[in-house]
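Structural characterization, general
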Amino acid sequence: VGGLVGLWAASKIVPVMYRWELIPGVGSPAYWERANKINYHHYSEGIVYSPYDTGDPLREMPPECAGKMYLRQKGGGWKLQSEM
């Protein structure tokens, strides 16, 4: 009985995991379609990466983010850019 319940649950959960790209190493067709449209040539144009993909990349750093870079010191330790 437990095996049947497990199979039923897997039949409901695995398709959702596939669509949401939750299975490591497996990408849905929607993932591969979007991955083929990524332009990797923006590294020299100063693109500011944001956690939300709106389709149009941010090209200006938001003012509230200026001076907030966390930098590693030569002698060890870390400091904010604004503290230097």
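The present account deals with the structure reproduced in this document. (Residues numbered from 1 in each chain as written. Predicted model: local features only at pLDDT ≥ 70, side-chain atom pairs only at ≥ 80, totals over all residues. Heavy atoms only, no water.)

**Section: the overall build of the protein chain**
A tally of helices and strands in the protein chain yields two helices and two strands. The helix and strand sequence of the protein chain, counted from the amino end, reads α-α-β-β. Within the span of the protein chain, comprising 84 residues, buried residues form 6% of the whole. Counting contacts in the protein chain only where the partners sit at least 6 residues apart, residues at least 24 apart contribute 0% of the total. Counting only carbon and sulfur atoms, one obtains 62% of the accessible surface of the protein chain, whose full area is about 7700 Å². (Helix = DSSP H or I, 4+ residues; strand = E, 2+ residues; numbered from the N terminus. Buried < 20%, exposed > 50% of the residue type's maximum accessible area, 1.4 Å probe, protein only. Contact = heavy atoms within 4.5 Å. Areas by Shrake-Rupley, 256 points an atom, 1.4 Å probe, with all protein chains shown as cover.)

**Observations concerning the pattern of salt bridges**
All told, the structure shown has one salt bridge when counted by the stated rule. Notably, a salt bridge pairs Glu-33 with Lys-37, separated by 3.9 Å at the nearest N-O pair. With a relative accessible area of 58%, Lys-37 lands in the exposed category. (Salt bridge = Lys/Arg side-chain N within 4 Å of Asp/Glu carboxyl O.)

**A look at helix H1 (residues 2-19)**
Helix length check: H1 (18 residues) gives 26 Å between terminal C-alpha atoms against 26 Å at 1.5 Å per residue, within 8%. Its maximal kink placed at Ala-10, H1 deviates by approximately 25 degrees. Phi for Glu-21, located one or two positions after H1, is positive at around 55 degrees. (Expected span 1.5 Å × (residues − 1). Bend = angle between axes of the 7 residues up to and from the residue.)

**Concerning the packing of aromatic side chains**
Tallying each qualifying case throughout the model produces two aromatic pairs. On the numbers, 5.5 Å between centres and 15 degrees between planes, the contact of Tyr-70 with Trp-78 is stacked. Since its relative accessible area comes to 52%, Tyr-70 is described here as exposed. Residue class for Trp-78 comes out partly exposed when judged on its relative accessible area of 49%. (Phe/Tyr/Trp six-rings, centres within 6.5 Å; stacked < 30°, edge-to-face > 60°.)

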